[in-house]
Amino acid sequence: FINADQEIVPYDGSSLHWRVSAYAFIVKENNLLIAQSAKEKLSDIIGGGIEMGESIEEALLRESMEEAGAQIKLGEFLELKQDWFYHNKGAFYQTLQLFYSAELIGTDPDMIWAKFVPFNEVGIRYHLPPIVEKIFFEKIK
């Protein structure tokens, strides 16, 4: 299993959790919206787990506001990936990840830790999880 910093975490035999999550590539004038947690080394695109009873669009709208203060319009479906990861709260997951394009339609001016970065700095100055960088370079850039 891999954690958010792309470090290997040996599986300890504990319960394996299932998670469906959705992520958005929010692009504006050849810049990509990313966020970074103070607890993790890598930046990431906006997104996260879909809660029970929540639609994919509802989850992405919620996650974009929570993580970036961004109001978005969901675009086209880009990719579906299966993965396994270790969450820093102590749980092992198998996940189905849905990736979409999205358009920024508004922002919360009080949010300061999410920002747009130039396409040419993705993978060089700003490192994203490998699966996210692969989709970015194949489908976005």
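K.L.:
For the pattern of salt bridges, give the residues involved together with the corresponding values.
P.N.:
It is possible for side chains of opposite charge to pair when their charged atoms get near one another. Counted under the stated rule, the structure contains nine salt bridges. The closest approach of N and O atoms between Glu54 and Arg62, which form a salt bridge, is 2.8 Å. The salt bridge involving Arg62 is made with Glu63; its shortest N-O contact spans 3.0 Å. Given a relative accessible area of 18%, Arg62 falls into the buried group. Its relative accessible area of 8% is what places Glu63 among the buried residues. One salt-bridge network, held together by shared partners, links Glu51, Glu54, Arg62, Glu63 and Glu66.

K.L.:
Run through the pairing of strand E5 (residues 91-107), naming residues and quoting values.
P.N.:
E5 sits mainly inside the fold: 12 of its 17 residues count as buried. Alignment of strand E1 (residues 16-26) against E5, held across 11 bridges, turns out to be parallel. Considered in E5, the bridge of Trp18 is made with Gln94. As paired strands, strand E4 (residues 70-87) and E5 are joined by 15 bridges and run antiparallel to one another. By the bridge assignment, Lys81 is partnered in E5 with Gln97. As consecutive antiparallel partners, E4 and E5 are separated by three residues, and within that stretch Gly90 has a phi angle of approximately 95°, a positive value.

Reading the values: rules and limits
Residues numbered from 1 in each chain as written. Predicted model: local features only at pLDDT ≥ 70, side-chain atom pairs only at ≥ 80, totals over all residues. Heavy atoms only, no water. Salt bridge = Lys/Arg side-chain N within 4 Å of Asp/Glu carboxyl O. Buried < 20%, exposed > 50% of the residue type's maximum accessible area, 1.4 Å probe, protein only. Helix = DSSP H or I, 4+ residues; strand = E, 2+ residues; numbered from the N terminus. Pairing = 2+ DSSP bridges.

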